[in-house]
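Structural characterization, general
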Amino acid sequence: MSARDRIRAFLENNVGRIVTTHEIRKIAGISDYPRRIRELRDQEGMQIRSHRDRPDLKPGQYILESLERTPAISKGISPQLRSEILERNGYTCRHCGRGPGDKDPFYPNRKVILHIDHEKPLSQGGTNNRENLRVLCSACNETRSNIESASESAINILARIRRQSNSVQIEIYKRLREKFGNIE
């Protein structure tokens, strides 16, 4: 039985229960279990959620919400389309302007890698159309976490604010307080 099969069986036997990375790693018997979880999600349509999908989960926690499968998500970005998007965006991150080889702000010993990102995530109904694709560096893409940038919903705005530094959060708070005062 493969690691993927063991993880699938474990999650199906624990549907609705929060499981930890420690448990999954032990069941899988391999260190690259996150890849197997992504495969189960993307290729088999398993409804596996993590802290990136649900605010009630902590990092290192997963939950299989249901045994019902959703349609598998196909990334489907060809090398030609990837090259076209990179060239269109000038080989720079659309958020921060970093390019290939620039230092990663979170890991100073690493260099950023450019990724093709969906402005509206596939999981929220986005497509692989050129208009929905852009370049993000590994640092910006990692912190994006399925947040739809064009959305004006309060949940997406709050998620973006929550990922900012304390100083930025305080600045936002002060400006909102100036505008609205103390609302009770």
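**Topic: the pattern of salt bridges**
For the structure shown, the criterion picks out 15 salt bridges. Where Arg69 meets Glu12, a salt bridge forms, and the shortest distance between an N and an O atom there is 2.9 Å. Here the residue Arg69 occupies a position in the loop between strand 3 (61–64) and helix 4 (79–88), and Glu12 occupies one in helix 1 (residues 3–13), the gap between them amounting to 57 residues. For Glu12, a relative accessible area of 29% corresponds to the partly exposed category. With a shortest N-O distance of 3.0 Å, Arg54 and Glu65 are connected by a salt bridge. Here Arg54 is found in the loop between strand 2 (48–50) and strand 3, whereas its partner Glu65 is found in the loop between strand 3 and helix 4, with 11 residues between them in sequence. Overlapping salt bridges bring together Arg4, Asp5, Arg8, Glu12, Arg36, Glu39, Glu44 and Arg69 as one network.

**Here we look at the nonpolar core**
Core analysis: the biggest nonpolar cluster contains 14 residues, and Ile7, Leu11, Ile24, Ile37 and Ile48 have the highest contact counts within it. When contributions to this core are tallied by element, the ones reaching two or more residues are helix 1, helix 2 (21–28), helix 3 (33–42) and strand 3. By residue number, the principal contributor to this core is helix 1, which donates 4 residues. Beyond its immediate stretch of four places on either side in the chain, Ile7 contacts Ile24, Ile27, Ala28, Tyr33, Arg36, Ile37 and Leu40. With 13 residues, the next largest nonpolar core counts Ile85, Cys93, Val112 and Val135 among its residues.

**Description of helix 4**
An α-helix turns once every 3.6 residues. As a result, residues three or four positions apart point the same way. Within helix 4, burial applies to Leu81, Ile85 and Leu86. Take helix 4 and look down its axis: the buried residues cluster within an arc of 135°, on one side only. In helix 4, those exposed residues whose orientation departs by more than 90 degrees from the buried face are Pro79, Gln80 and Glu87. Tucked inside the fold, the buried residues of helix 4 contact strand 4 (114–118) and strand 5 (133–137).

**A short note on the side chain of Gln61**
By secondary structure assignment, the location of Gln61 is in strand 3. There is a polar contact of 2.9 Å between the side chain of Gln61 and the backbone nitrogen of Lys58. With residues up to four places along the chain from it excluded, the contact list for Gln61 reads Ile18, Val19, Arg49, Ser50, His51 and Asp56.

**Let's talk about helix 7 (residues 166–180)**
The first and last C-alpha atoms of helix 7 sit 21 Å apart over 15 residues, in line with the 21 Å expected at 1.5 Å per residue. Downstream of helix 7 by a residue or two, Gly181 has a phi angle that is positive, lying close to 70°.

**Comments concerning the sheet that holds strand 3**
What the 3 strands build is an open sheet, ordered 1-3-2; its pairing is antiparallel. Both edges of this open sheet fall to strand 1 (18–20) and strand 2, since each of them pairs with a single strand only. Each neighbouring strand pair of the sheet contributes to a mean axis angle of 35°, computed without reference to strand direction. As paired strands, strand 1 and strand 3 are joined by 3 bridges and run antiparallel to one another. Across the sheet, Val19 pairs through a bridge with Tyr62, a residue of strand 3. Sheet strands in contact with helix 2 are strand 1 and strand 3, and its direction is about 65° off that of strand 1.

**With respect to unusual backbone geometry**
The backbone of Tyr91 sits at a positive phi, close to 55°, despite the residue not being glycine. With respect to the element layout, Tyr91 can be found in the loop between helix 4 and strand 4.

**As for the state of the cysteines**
This structure, assessed with the given rule, holds 0 disulfides. With no disulfide partner, Cys96 has as its closest neighbouring cysteine sulfur the one in Cys93, 3.7 Å distant. Cysteine Cys140 shares no disulfide, and the gap to the nearest cysteine sulfur, in Cys96, comes to 3.7 Å.

Calculation criteria
Numbering of residues starts from 1 in each chain and follows the order in which that chain's sequence is written. Restriction of local features to residues with pLDDT of at least 70 applies here, the model being predicted, together with a cutoff of 80 or more for giving and counting side-chain atom pairs; totals for whole chains, interfaces and linings are based on all residues. Calculation of side-chain values draws on the structure's entire complement of heavy atoms; hydrogens and water are dropped beforehand. Salt bridge, as used here, is a side-chain nitrogen of Lys or Arg placed within 4 Å of a carboxyl oxygen of Asp or Glu. A run of H or I in DSSP counts as a helix once it spans at least four residues, and a run of E counts as a strand once it spans at least two, with each numbered from the N terminus. Here the term buried applies to any residue with accessible area under 20% of the maximum for its type, exposed to any over 50%, and partly exposed to those in between, with areas from a 1.4 Å probe on protein chains only. For our purposes a nonpolar core is just a set of buried Ala, Val, Leu, Ile, Met, Phe, Trp, Tyr and Cys residues, chained together by side-chain atoms within 4.5 Å. Whether two residues are in contact is decided by their heavy atoms: any pair within 4.5 Å suffices. Taken from the helix axis, the directions to the C-beta atoms give the arc we talk about. Counted as a polar contact is a pair of N or O atoms within 3.5 Å, where, for protein atoms, one must be capable of donating a hydrogen and the other of accepting one, and residues adjacent in sequence contribute only when both atoms are in side chains. Take the number of residues in a helix, subtract one, and multiply by 1.5 Å to get its expected span. Between any two strands, at least two bridges found by DSSP are needed for them to pair. With axes taken as lines fitted to C-alpha atoms, and helix axes fitted only over the stretch in contact, angles between N-to-C directions fall between 0 and 180 degrees. For this text, the term disulfide refers to a pair of cysteine sulfurs within 2.5 Å.

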